[in-house]
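Listed here are the chains, written in short residue letters.
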Amino acid sequence: MRAVSVIMHASSSDEARLLLVKAKVAEEALQAVMSADINTEKDEATRIRATLASANLCGREERSILSTAPEMLRAIGETIVHAFHGTEYHHIKWSLAGVMLPLFNLSCSDSNKK
């Protein structure tokens, strides 16, 4: 979980994003987390963090790993609603700024607008 949190925060930095994309972190590490079985609220929070990081890293691409995962796009939407209202979602009080950058990145891809 902590590794995913570090990647999520680093993915919002332009310099770190370039290195993470070059290392194929979204495709190799984060995709495994997003497709893992969810047994607890903590697992779901980790999956949301992995989704937000993936959106930062490859959300602008037309065929990103998120463009084929509508349930993860819905999770981002739910996270934004809770961040906007200042309520906890999966035991985390998400910051609105932290979830809007991934949403912006996803909005750049035409395949995510369908």
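Here, every reference points to the structure presented above.
A brief structural summary. (Residues numbered from 1 in each chain as written. Predicted model: local features only at pLDDT ≥ 70, side-chain atom pairs only at ≥ 80, totals over all residues. Heavy atoms only, no water.)

Where helix α4 (residues 41-58) meets helix α6 (residues 96-107), the closest approach of the two axes is 8 Å, and the angle between their N-to-C directions is 50°. Taken together, the axes of α4 and α6 are oblique relative to one another. Note on packing geometry: the crossing formed by α4 with α6 is left-handed. Counted together, L52, A55 and N56 of α4 and V99, L101, P102, N105 and L106 of α6 form the full contact between these two elements. A per-class count over the contact of α4 with α6 returns six nonpolar, two polar and no charged. (Axes fitted to C-alpha atoms, helices over the stretch in contact; angles between N-to-C directions. Helix = DSSP H or I, 4+ residues; strand = E, 2+ residues; numbered from the N terminus. Parallel < 35°, antiparallel > 145°, perpendicular 65-115°, else oblique. Left-handed = near helix turned anticlockwise from the far one by under 90°. Contact = heavy atoms within 4.5 Å. Nonpolar A, V, L, I, M, F, W, Y, C, P; charged D, E, K, R; others polar.)

Glancing now at the nonpolar core. Counting 27 residues, the largest nonpolar core has I7, L30, I48, L52, I76 and W94 as the members making the most contacts within it. Broken down by element, this core gets its largest block of residues, eight residues, from α4. What I76 contacts, discounting residues up to four positions off in sequence, is T51, L52, A55 and L106. (Core = buried A, V, L, I, M, F, W, Y, C linked by side-chain atoms within 4.5 Å. Buried < 20%, exposed > 50% of the residue type's maximum accessible area, 1.4 Å probe, protein only.)

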